[in-house]
Every structure is written in C-alpha cells, then in structure tokens.
Amino acid sequence: MKYIQYIVIACQLICFSSCAKNEQVEKPAPVFKSSIPVNNAIDVIVTTDIEVVFDEVVTLATNHGITINNAAANVKASFTKLIFTAELVGNTTYSIHIPKGAVINTFDVHLADEIQLSFTTKEVYVPDGTDMEFVANMGVGWNLGNTLDTKNKDKTQWGNPEATKALIDAVKAKGFKTLRVPVTWQYNMGNEPDYAIEQSFLERVEEVVNYGLSNDMHVIVNIHHDEEWLIPTYAEVARTKDQLGKVWTQIANQLKTYDSKLIFETLNETRLKGSAEEWQGGTAEGRDCINQFNQVAVDAIRTSGGNNAERYIMVSTYAASTAQIALDELELPTSENLIVAVHTYFPYKFALAKTDFNTEWGTAQEKLEMDAEFDKLLNTFINKGIPVVMGEWGNLNHNNLSERVEHAAYYAKGCLSRGICPIWWDNGATDMFGLINRNNNQWVYPEIADVIVDANQK
C-alpha cells in the first residue's frame, strides 16, 4: 500500500509542477501613467520640474537613449518616476522621447512601447537695457536683518552680535552677490530742526557697507524701522518730508564717493501703523504721501553730488506691498536710475504666519498662485522697462526643512526668471528666518542658502 501511495504522490507532484508551468502568467512591462508637464501642455512656466510617472518602480537601462529635443537627456529614476534636469527657456517647444526598453521594472521587464511627450513653455520677457542688466548683475541677496535696524541705540539689543567682516565674507563665499543693510536712524539722531545723525553711527554704517563692497558685492542702505517719524498722513506730510530730506542728505554726503555697487533705498515698509489698511495696500492718502516721500528722498540724494548724481536708488510702494492698488498707484520720482522695491512673504500662511500656519507647500495650484504674484510685477513694471528688486522674502522655520527648501528654490527661480533680484530676509534667529549662525559664521541651513544661490547659476 505504501508503494502505491508513493506513486500517487509523485504523480500529483508532477501534475502540480506541470500545471504551474502551464498557468504561469507573463510579467507585465512598465506602463506610463502621467507626466509633468502633461503632454501637449502650453504656457508652461520655465521653472517647472519635468517628471514622467509609471505604474510601478522603475530603473533606467544602461543605454536608455532618452532625449529632449533630440539631445541626450539628463535624467534619473526615482521610485516610480523619471526626473529630468533641464534648464528651460521661454517660448520653446520641448519633445521628450523615451525609447522601447529605456526603463525596466522590478521583474526585469523592459518598456514595451516608446513614449513621446511634448510641451511648450510660456513666453518669458527677456530683460533688456542698462537698468535691467544692472539688476541682473545683483544676482541673489541676503539681508543683515535685526542688527543696524534694531529699535534701540544698542544694536545688539535684539539678540544678534555686532556685524563683522567675517560674517559678510561667509555670505559672499556662499554665493550671495548683494548685501542689504537695513538701518534704523532715529535712535542715533538729534531733534529738529537739523535732525543731526551721530557721526560715529554714520561711520559705523559706512564700515559695514565696506564689508560688502570689499567683497565686490552690491550693497543696499536704507531707512528701515523709523515709523515713529515717517508718518504717511496729510497732517504729518510736511514735517516728515522736511526731516526725510535732511536725513537723506546726511547719509548721501557720508557715502557719496562710493561707486555704483552702492545702492540707496529711500524707505522700507513705511505705512500707517495700526490702521485697518496697514498691510492691504493702504489708503489713497497713504499712497500719495509715500509718493511724495520718495521724491523728497531722491531729490536729497541727487543734489548731494558726487556719485550720488547717478547712483541707483530703490523706491518702494506703500508698505513695500505687492497689492495691485499699491503697485498701480506708485508714482516714480522724476529721475533716472530708479528701481522699484517690494516685499512679499508668499504665501502668508506658509512663509510668515506664526500661528495657524501651513508647514507644507508645493502643489501645482500653489505654484500657479506664486507665479501670478510674480507676474503682477512683470506686467506692472518689468514689461514697461522698470526694474524690480524683491527686498525681502523668506519662509519661517516650522521644522519643515524639505518644504522650506522646495519653496525657496521655486521662489528664487520665479524671481530670477522674470528679472527680479530676490534678497532673503535673515533676522539672525535660526528658529525663524536665520540661515547662518552669526556667532561662528557657520551655515545652519546651507540647504536653503544653496538652492537660492543655485537658482542664479547660468
């Protein structure tokens, strides 16, 4: 009986083995699912990332032969995606060809059918003329925030050490080409009628300016947290203009011999503090007063002589706002060599909110919204030959480094692709906007600094 059982079992095993072979299903090839940009997309922003997505994990064949516009593509496989590295230019059609066999799935099965994709980029304004070239040469910038702009005679009162040349050397070595030096003057200034600025403070500002100029950087000096005397109302406009003209005359005289790498910025975020429209583009009265302030400051700078006669001067909108009404009602002073200065921490809940904030950013819709924010500046100023500097921007630290990096990269590229110089707001606090430890000059968040600088690489 045992012998017969053995025969039956053996027959069953042979049968199972034979049946398994007969029923074995051929492993499927990788299947294309989607792409960014989608096939045949138009008006694609030049900062768009190119990705091709499959239905499973894939790797690249050794000689994959993938091309963009008939040239070998710089591409890598990442999980289910092919990620392309390509510097897109405006108003151009791109064709991506992925041949049969170019990708392989985990079953070692090759792509069965070739993939052909195409898209067309949006027409991008190419900066032209001396003014645009000047701003383009400013590259990307960094703010020495919460230092000389401290609202106290003690410039370390907000927790930062005194600025040193070693700090600015580190900023330049990282690749930043522009240094913005915010300055609050009122705590080192006398009373009316002269509003005399302490000579020692003027010299200290000049010393910090030279930290940047000696590194061949563009350097911006402004009037920053002086809201107590810069009041944009008709009741205060005459007194404010008198004081503003006298203050800028002193600053301009102190720095008149420096070349065009030194830039003056008439105001910062001058606004009517505490009003309902403080950050919403202001009132008609407030916007009119800002226009008057800008003209007075420019006149004081120009009449001081020396290199100030032709120096580039940045003039801001009400509160440096990008609200459309603030942009539309900015009246440029009567002068040459002017640059519009604005700030935008966009979007607010990701970039600036301290409560009720978002820690994630980067959906297609969010990128479109940021593009629209920049395009307001393109349409209002740049397309009319008026250069723009983004004097402040950044994103708060909410322990979300990868999202901050993605946001910073897209923001910097978005500015630069439109001819706007982006200047990161660094307040020295690494739990907020600070990227570098000012006590030892070591980068705490080099990843953010690097993507900003890399955005400017040609």
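Just above, that's the structure.
A brief report on the enclosed structure follows. These figures come from a predicted structure and were not determined experimentally. (Residues numbered from 1 in each chain as written. Predicted model: local features only at pLDDT ≥ 70, side-chain atom pairs only at ≥ 80, totals over all residues. Heavy atoms only, no water.)

**Thoughts on the pairing of strand S14 (residues 218-222)**
Which entries qualify depends on this criterion: Exposure classes here rest on a 1.4 Å probe applied to the protein chains alone. A residue is buried below 20% of its type maximum, exposed above 50%, and partly exposed in between. The helix count covers DSSP runs of H or I at least four residues long, the strand count covers runs of E at least two residues long, and both are numbered beginning at the N terminus. Any two strands with at least two DSSP-identified bridges between them are counted as paired. Here the term right-handed applies to a crossover when the path leading from its first strand over the helix to its second strand runs clockwise, the strands being oriented away from the viewer.
By the criterion of burial, S14 is predominantly enclosed, with 5 of the 5 residues buried. Inspection of the sheet shows strand S13 (residues 178-181) paired to S14 by 4 bridges, in the parallel sense. Pairing of Arg180 across the sheet is with Ile220, part of S14. Sheet analysis places S14 next to strand S15 (residues 262-265), joined by 4 bridges and oriented parallel. In the sheet register, Val219 faces S15, and the bridge partner there is Leu262. Regarding the hand of the β-α-β motif, the stretch spanning S14, helix H5 (residues 237-254) and S15 is right-handed.

**Section: the sheet that holds S13**
This is how the line gets drawn: Angular values range over 0 to 180 degrees, each being the angle between N-to-C directions of two axes fitted as lines to C-alpha atoms, with helices fitted over their stretch in contact. Should any heavy atoms of two residues lie within 4.5 Å, those residues are considered in contact.
Taking strand neighbours around the barrel as the criterion, the 8 strands line up as S12-S13-S14-S15-S16-S17-S18-S19 in a closed arrangement whose pairing is parallel. Between one strand and the next, the sheet's axes are offset by a mean angle of 25 degrees, whatever the strand orientation. In terms of strand pairing, strand S17 (residues 338-343) meets strand S18 (residues 388-393) through 4 bridges, oriented parallel. Within S18, the position partnered with Val340 by the bridge is Val388. In the packing of helix H6 (residues 284-303) onto the sheet, contacts are made with S15, strand S16 (313-316) and S17, and the angle to S16 comes to roughly 165 degrees.

**A look at helix H9 (residues 364-380)**
Rules: Expected helix span is taken as 1.5 Å per residue step, with the number of steps being one fewer than the number of residues. The quantity called bend is, for any residue, the angle between two axes fitted respectively to the seven residues ending at it and the seven beginning at it.
Given a rise of 1.5 Å per residue, 17 residues ought to cover 24 Å, and the 24 Å separating the end C-alpha atoms of H9 matches this to within 8%. The largest bend in H9 amounts to roughly 25 degrees and is located at Phe374. For H9, the complete set of buried residues consists of Lys367, Met370, Asp371, Glu373, Phe374, Asp375, Leu377, Leu378 and Thr380. Here the buried face of H9 lies against helix H7 (324-328), S17, S18 and helix H10 (401-416).

**Description of the pairing of S15**
Where burial is concerned, the two faces of S15 agree: the one with Leu262 and Phe264 and the one with Ile263 and Glu265 are both buried. Sheet topology note: the S15/S16 ladder contains 2 bridges and is parallel. In the sheet register, Glu265 faces S16, and the bridge partner there is Met314.

**A closer look at unusual backbone geometry**
Residues Ile36 and Pro37 are joined by a peptide bond in cis, for which omega reads -5 degrees. If you trace the backbone, Pro37 turns up in the loop between strand S1 (32-36) and strand S2 (41-44). Following Phe346, the chain continues to Pro347 via a peptide bond in cis, the omega torsion being -10 degrees. Tracing the backbone shows Pro347 in the loop between S17 and helix H8 (348-351). Positive phi is not limited to glycine here, since Asp43 has a value of about 55 degrees. With respect to the secondary-structure elements, Asp43 resides in strand S2. Taking the relative accessible area as the measure of exposure, Asp43 reaches 51% and is therefore exposed. A positive phi angle is found at Asn146, which is not glycine, with a value near 60 degrees.

**Focus: the environment of Asn427**
Here is the rule we go by: Whenever a nitrogen or oxygen atom comes within 3.5 Å of another N or O atom, the pair is scored as a polar contact, on the condition that within protein one atom can donate a hydrogen and the other can accept it, and that pairs from neighbouring residues in sequence are kept only if both atoms are in side chains.
Following the sequence through the fold, Asn427 ends up in the loop between strand S19 (421-424) and strand S20 (436-437). We classify Asn427 as buried; its relative accessible area is 7%. Separated by 268 residues in the primary sequence, Asn427 and Gly159 place their C-alpha atoms 9.7 Å from one another. Excluding its chain neighbours within four sequence positions, the residues that come into contact with Asn427 are Gly145, Asn146, Asn160, Met432, Phe433, Gly434 and Arg438. Side-chain polar atoms of Asn427 contact the backbone nitrogen of Gly434, separated by 3.5 Å.

**Let's talk about the packing of aromatic side chains**
We count it as follows: Each pair of aromatic rings taken from Phe, Tyr and Trp, with Trp reduced to its six-membered ring, is defined by centres within 6.5 Å and is described as stacked if the planes are under 30 degrees apart, edge-to-face if over 60, and tilted in the remaining cases. Any Lys NZ or Arg CZ found within 6 Å of a ring centre and within 35 degrees of that ring's normal is scored as a charge over the ring.
Evaluated as defined, the whole model comprises 10 aromatic pairs. One aromatic cluster is present, built from ring pairs that chain together Phe374, Trp393, Tyr411 and Trp424. Across the ring face of Phe264, the terminal group of Arg311 is positioned such that the distance to the ring centre comes to 5.2 Å. Sitting over the ring of Tyr445, Arg404 keeps its end group 5.4 Å from the ring centre.

**Thoughts on the sheet that holds S1**
Taken in spatial order, the 4 strands make up an open sheet running S1-S3-S8-S7, and their pairing is antiparallel. Of all the strands in the sheet, the pair left with one neighbour each is S1 and strand S7 (75-78). Neighbouring strand axes in the sheet, compared pairwise and without regard to direction, differ in orientation by 20 degrees on average.

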